[in-house]
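# Structural features, examined
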Amino acid sequence: SLNEWSSTGWQQLDNFRHDLADTRSYPFNIQWAGKLAEIQKTLTEYGWKPANKLGSKNILRWLSYKTELHQRPVLPQLHRDQQNVLSLVFADKQKIWIIRFWHSGYHYNNQPIWLGQAAEMQAKSFLGIFHYPVTGSDFASPILLLKNQLNMQKMDIQEKIIKLPENNDYALLLIAQKISVDQ
């Protein structure tokens, strides 16, 4: 039940992305129960767009300093040796954010729960030639953006504060489609 997931169940899922270096620098700040296509559709309604994937056709965008950061190909990220299954970007005049999703292996109400990481994107340069987006360290502003965007009429949203040493606390959103009585 939502009460079970929101009271203790969310703690069973990973709090941080386990990448190759296992630095615990990249928190999961979203747990979203639902079909991946529905999640993408919902976020697309609020202006999120699929991130450009790295490939031979668009790698040249890294060479052009004129290409906007949100239009450059995004490197896939790993969690427990698995690449993220969905990446969406959102840009306004001041910032660019990315949301990435991974399988959690858990379910709520017969729906998969996806681990999500929402973060600000920053530009990085290699040898002054390649200009590419990387995950920044701001995990708070995209959560505020999401809370403002998502329609509370369609979603059950709960916020948890994850307490970490050195006052590096962060917010975790638990998101699920509201279940109507007729379903």
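Bear in mind the structure is a predicted one, so any value in this text is a computation, not a measurement. (Residues numbered from 1 in each chain as written. Predicted model: local features only at pLDDT ≥ 70, side-chain atom pairs only at ≥ 80, totals over all residues. Heavy atoms only, no water.)

### What about the side chain of H79?
The test is simple: Each helix is a run of H or I in the DSSP string that is no shorter than four residues. Each strand is a run of E no shorter than two, and both are numbered from the N terminus. Residues are treated as being in contact if the distance between any of their heavy atoms lies within 4.5 Å.
With respect to the helices and strands, H79 occurs in strand β3 (residues 78-79). The residues touching H79, leaving out its near neighbours within four places in the chain, are D14, F16, R17, H18, F28, W102 and L115.

### What to know about the packing of aromatic side chains
Heads up, the rule is: Stacked, tilted and edge-to-face pairs are distinguished by plane angle, under 30 degrees for stacked and over 60 for edge-to-face with tilted covering the rest, among Phe, Tyr and Trp rings (Trp via its six-membered ring) whose centres lie within 6.5 Å. Three labels apply to residues, based on accessible area from a 1.4 Å probe with only protein chains included: buried if under 20% of the type maximum, exposed if over 50%, partly exposed otherwise in between.
Per the stated rule, a full pass over the model turns up six aromatic pairs. Between W32 and F101, the aromatic rings sit 6.2 Å apart at their centres with planes inclined by 75°, giving edge-to-face as the arrangement. With W32 in strand β1 (residues 30-33) and F101 in strand β6 (residues 96-108), this residue pair connects regions lying 69 residues apart in the sequence. Since its relative accessible area comes to 1%, W32 is described here as buried. Taken together through their ring pairs, the aromatic side chains of W48, F90 and W97 make up a single cluster.

### Concerning the environment of I161
With respect to the element layout, I161 can be found in strand β9 (residues 155-162). Accessibility expressed as a relative area gives 48% for I161, which makes it partly exposed. It is 8.9 Å that separates the C-alpha atoms of I161 and L173, two residues lying 12 residues apart in sequence.

### As for helix α3 (residues 141-149)
Buried within α3 are the following residues: S141, P142, I143, L145, L146 and Q149. Buried-residue contacts for α3 involve β1, α2 (36-45), β5 (86-91), β6, β7 (111-126) and β10 (170-177).

### Points about α2
Put simply, the rule reads: Arc, as used here, means the arc of the directions from the helix axis to the C-beta atoms.
The complete set of buried residues in α2 reads I39, T42 and L43. Down the axis of α2, the buried set is contained in an arc of 95°. They therefore lie on one face. Residue G47 follows α2 closely and has a positive phi angle near 100°.

### Structural notes on the nonpolar core
This is how it is decided: We call a set of buried Ala, Val, Leu, Ile, Met, Phe, Trp, Tyr and Cys residues a nonpolar core when their side-chain atoms join them within 4.5 Å.
Counting residues in each nonpolar core, the largest one holds 21 residues, and the members touching the most others are I30, W32, L43, W48, I99 and F101. Elements with a minimum of two residues in this core: β1, α2, β5, β6, β7, α3 and β10. In contact with I30, not counting residues within four places along its chain, are I99, F101, W114, L115, G116, A118, I143, L146, L172, L173 and I175. Counting 15 residues, the second largest nonpolar core, distinct from the first, contains F28, I113, L172 and A176.

### Quick look at the pairing of β6
The criterion, for reference: Strand pairing is assigned whenever DSSP detects at least two bridges linking the two strands.
Where β5 lies against β6, six bridges are found, and the strand directions are antiparallel. Opposite A91, over in β6, you have I96 as the bridge partner. In this structure, the hairpin formed by β5 and β6 is closed by a connection of four residues. By the bridge criterion, 10 bridges tie β6 to β7 in an arrangement that is antiparallel. Within β7, the residue paired with F101 across the bridge is G116.

### With respect to the pattern of salt bridges
Heads up, the rule is: What counts as a salt bridge is simple: a side-chain nitrogen of Lys or Arg found within 4 Å of a carboxyl oxygen of Asp or Glu.
Under the criterion given, the structure shown has five salt bridges. K41 is paired through a salt bridge with E45; the nearest N and O atoms lie 3.8 Å apart. With K41 and E45 both in helix α2 and four residues apart, the pair spans about one turn of that helix. Given a relative accessible area of 49%, K41 falls into the partly exposed group. On the accessibility criterion, E45 (45% relative accessible area) is partly exposed. Close ionic contact of K163 with D169 constitutes a salt bridge, the shortest N to O distance being 3.5 Å.

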